[in-house]
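Here is what each chain is made of, one letter per residue.
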Amino acid sequence: MTVDRIAIALGTRPEIIKMAPVIRECERRGLNCDLIHTGQHYSDNLDQVFFDQLELPEPDYHLGVGSDSHGQQTAAMIAGIEEILLDTEPDALLVQGDTNSVLAGAIAASKLDVELGHVEAGLRSFDREMPEETNRVLTDHAADYLFAPTTESEQYLLDEGIDEDFIHVVGNTVVDAVHQNRSLAVEKSDVLDTFGLESREYVLLTAHRAENVDSRDRFQGLLAGVEETSHLLDAEVVYPIHPRAENKLDEFDIPVPESVRLVEPQDYLDFLKLQDNAQLILTDSGGVQEEACVLQVPCVTLRDNTERPETVDVGANKLAGTDPETIVQSVLHMLDKPADWENPFGDGTTSKQILETIMTKQTVKVIQ
Ligand code: UD1
Ligand code: UDP
């Protein structure tokens, strides 16, 4: 059976960035690909800026779902994606990651005669309090192609009883994206000049996870640890702030430490350059943990767990949670050793391998 039409569903900043290499690979192969945007992210600086900068085609379908409760948001996306899949009849739908947009795509495809490919399958934090963990587990169990980034993620899937024939260890498209854009960032981004920053003399922070910023105590602890870190290193902290976090800062009326500079969410090339030149990255983002590891910049993760344990295992990352003292100790630990780890996420050919797999190795999906 030949594959001549696929669909890709995405809805948030990390999905746009990490699907971009897959979309490019479809274009390179001349494969008919319908791009479905759920509209989960809609602010220009979380959405359109990445389409423009990464020169992606505009979505063929835009559901415009926007922000809502998880149930309302996911339900609207399922209904919208189902209608498009019924209309366009693709051979496969690809989703990437662990957001509500991903779960919606998974549910819609799995109930139709459309194979589901999950890019970044098998990640596990083992923390069911996180909406992302539920999304990724359910998506993996609905998928026909599970594109696991590492053998560790493959093992989690096997442990859950998923058929090994469905699992393909292909690395992570984050490496493809970094390879495709790192030198462009060096060439085109003047973000360091704009912010008056010197290479290796500042700390980069991102924090947006619901489990951190939706809790006053955790958000306050996190910022206290960041402030102590900036004093310890005598370095300014640059914090491109996600709207969820910004809203919560306002709601909780938490003062921002003087050494922390809040800036707007950055476009991809500027953010890559900010990462590449940071002395240290503090984050609760999934994608940023991976990118720091690929870019050889020490990372301290402001969470109690990570679904990217490979970054910790190779020595690129340390888990600190949100306790200020633990954050400072973790920073000292990371800065006290050379940044000479191996990147565990592949060689930048992940999107090619994904397309190759889909176009040559069909799984057999049985619809009751
Ligand atoms: C979502 C994902 C999270 C991912 C993050 C990437 C889920 C459950 N969460 O979190 O895993 O790490 O995207 O950035 O899918 N908002 C805007 N503009 C936007 C989008 C959101 O201002 O374009 C504000 C709204 O107030 C909204 C809040 O941010 O209520 C949260 O947005 P939402 O999409 O629900 O979750 P994220 O925190 O972005
Ligand atoms: N990112 C960006 N600008 C920013 C912050 C992050 O372009 O101001 C990129 C970052 O390089 C990474 C992705 O956004 O590729 C991570 O997304 P996010 O942290 O929102 O989500 P997560 O990965 O935690 O799901």
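About the thresholds
- Residues numbered from 1 in each chain as written.
- Chains lettered and ligands numbered in written order.
- Predicted model: local features only at pLDDT ≥ 70, side-chain atom pairs only at ≥ 80, totals over all residues.
- Heavy atoms only, no water.
- Near = heavy atom within 4 Å.
- Helix = DSSP H or I, 4+ residues; strand = E, 2+ residues; numbered from the N terminus.
- Nonpolar A, V, L, I, M, F, W, Y, C, P; charged D, E, K, R; others polar.
- Buried < 20%, exposed > 50% of the residue type's maximum accessible area, 1.4 Å probe, protein only.
- Pairing = 2+ DSSP bridges.
- Right-handed = clockwise from strand over helix to strand, strands pointing away.
- Polar contact = N/O pair within 3.5 Å; in protein donor to acceptor, adjacent residues only side chain to side chain.
- Areas by Shrake-Rupley, 256 points an atom, 1.4 Å probe, with all protein chains shown as cover.
- Axes fitted to C-alpha atoms, helices over the stretch in contact; angles between N-to-C directions.
- Parallel < 35°, antiparallel > 145°, perpendicular 65-115°, else oblique.
- Left-handed = near helix turned anticlockwise from the far one by under 90°.
- Contact = heavy atoms within 4.5 Å.
- Phe/Tyr/Trp six-rings, centres within 6.5 Å; stacked < 30°, edge-to-face > 60°.
- Arc of directions from axis to C-beta.
- Core = buried A, V, L, I, M, F, W, Y, C linked by side-chain atoms within 4.5 Å.
- Salt bridge = Lys/Arg side-chain N within 4 Å of Asp/Glu carboxyl O.

Caption draft 1: Spotlight on the site of ligand 2. Taken together, 17 residues sit near ligand 2, with Arg13, Gln266, Ser285, Gly287 and Glu291 positioned nearest. Of all the elements in the fold, those that place two or more residues in the shell around ligand 2 are α1 (13–29), α12 (268–276) and α13 (286–295). Counted by class, the shell around ligand 2 contains seven nonpolar, six polar and four charged residues.

Caption draft 2: Fine view of the pairing of strand β5 (residues 115–119). With five of five residues buried, β5 lies mostly within the body of the structure. Side-chain alternation along β5 places Glu115, Gly117 and Val119 on one buried face and Leu116 and His118 on a second face that is also buried. In this sheet, β5 lies alongside strand β4 (residues 92–96) in parallel orientation, the contact comprising five bridges. Each bridged residue has a counterpart across the sheet, and for Leu94 the counterpart in β5 is Gly117. Taking the sense of rotation as the criterion, the β-α-β connection linking β4, helix α4 (residues 100–110) and β5 turns out right-handed. Pairing geometry for β5 and strand β6 (residues 145–148), over three bridges, is parallel.

Caption draft 3: Region of interest: the site of ligand 1. Taken together, 19 residues are adjacent to ligand 1, and His41, Tyr42, Ser43, Glu132 and Arg244 come closest. Contacts to ligand 1 include Asn100, whose backbone N or O atom sits 2.9 Å from an oxygen atom. The separation between an oxygen atom of ligand 1 and a polar side-chain atom of His208 is 2.8 Å. The fraction of the free accessible surface of ligand 1 (740 Å²) that becomes covered by protein chains is 86%. When residues in the shell around ligand 1 are grouped by element, the largest group, three residues, is from helix α11 (residues 243–252). For the shell around ligand 1, the class distribution of residues is four nonpolar, 11 polar and four charged.

Caption draft 4: Molecular detail of the packing of α4 against helix α5 (residues 131–142). Close contact between α4 and α5 brings their axes to 9 Å; oriented N to C, the two are set at 25°. Between α4 and α5, the crossing angle belongs to the class labelled roughly parallel. Classified by chirality, the crossing of α5 by α4 is left-handed. Contacts between α4 and α5 involve Asn100, Val102, Leu103, Ala106 and Ser110 from the first element and Asn135, Leu138, Thr139 and Ala142 from the second. For the contact of α4 with α5, the residue count by class is five nonpolar, four polar and no charged.

Caption draft 5: Layout of the packing of aromatic side chains. Following the criterion strictly, the structure yields two aromatic pairs and no others. Look at Phe126 and Tyr156: their rings are 5.1 Å apart centre to centre, the planes differ by 80°, and that puts the pair in the edge-to-face class. Of this pair, Phe126 sits in the loop between β5 and α5 while Tyr156 sits in helix α6 (residues 151–159), placing them 30 residues apart in sequence. With a centroid separation of 5.9 Å and an interplanar angle of 5°, the aromatic rings of Tyr145 and Phe147 are classed as stacked.

Caption draft 6: Highlighting α11. Buried within α11 are the following residues: Ala245, Lys248, Leu249 and Phe252. Buried residues of α11 fall within an arc of 105° about the axis and therefore sit on the same side. Residues Asp250 and Glu251 are exposed on α11 and point more than 90 degrees away from its buried face. Looking at the buried side of α11, the elements it contacts are α9 (210–213), α10 (216–233), β9 (236–240) and β10 (260–263). Directly beyond the C-terminal end of α11, a positive phi value near 55° is found at Asp253.

Caption draft 7: A look at the nonpolar core. With 83 residues, the main nonpolar core has Ile6, Ile8, Leu94, Leu205, Leu282 and Ile354 as its most contacted residues. By residue number, the principal contributor to this core is α1, which donates seven residues. In this structure Leu205 touches Leu222, Val226, Val237, Val238, Tyr239, Pro240, Leu282 and Leu302, once residues within four positions along its chain are discounted. Ala9, Ile84, Leu85 and Ile162 belong to the second largest nonpolar core, which has 25 residues in total.

Caption draft 8: Structural context of the pattern of salt bridges. A complete count under the given rule lists 22 salt bridges for this structure. Notably, a salt bridge pairs Glu211 with Arg303, separated by 3.5 Å at the nearest N-O pair. With Glu211 in helix α9 and Arg303 in the loop between β12 (299–301) and α14 (309–313), the pair connects residues that are 92 residues apart, well separated along the chain. You can call Glu211 partly exposed: its relative accessible area is 25%. Judged by relative accessible area, Arg303 falls into the buried class, the value being 1%.

Caption draft 9: Main features of the sheet that holds strand β2 (residues 32–37). On the basis of which strands lie adjacent, the open sheet formed by seven strands has the order β3-β2-β1-β4-β5-β6-β7 and parallel pairing. Strand pairing shows two members of the sheet lacking a second neighbour, β3 (61–62) and β7 (167–169), which therefore form its edges. Sitting on the sheet, α6 is in contact with β6 and β7, with an inclination near 165° to β7.

Caption draft 10: Seen up close, unusual backbone geometry. Of note in the backbone geometry, Glu89 takes a positive phi value of approximately 45° without being a glycine. With respect to the helices and strands, the residue Glu89 is situated in the loop between α3 (70–88) and β4. The phi angle at Glu120 is positive, at roughly 80°, despite the residue not being glycine. Along the chain, Glu120 falls in the loop between β5 and α5. On the basis of relative accessibility, which here comes to 6%, the residue Glu120 falls in the buried class.

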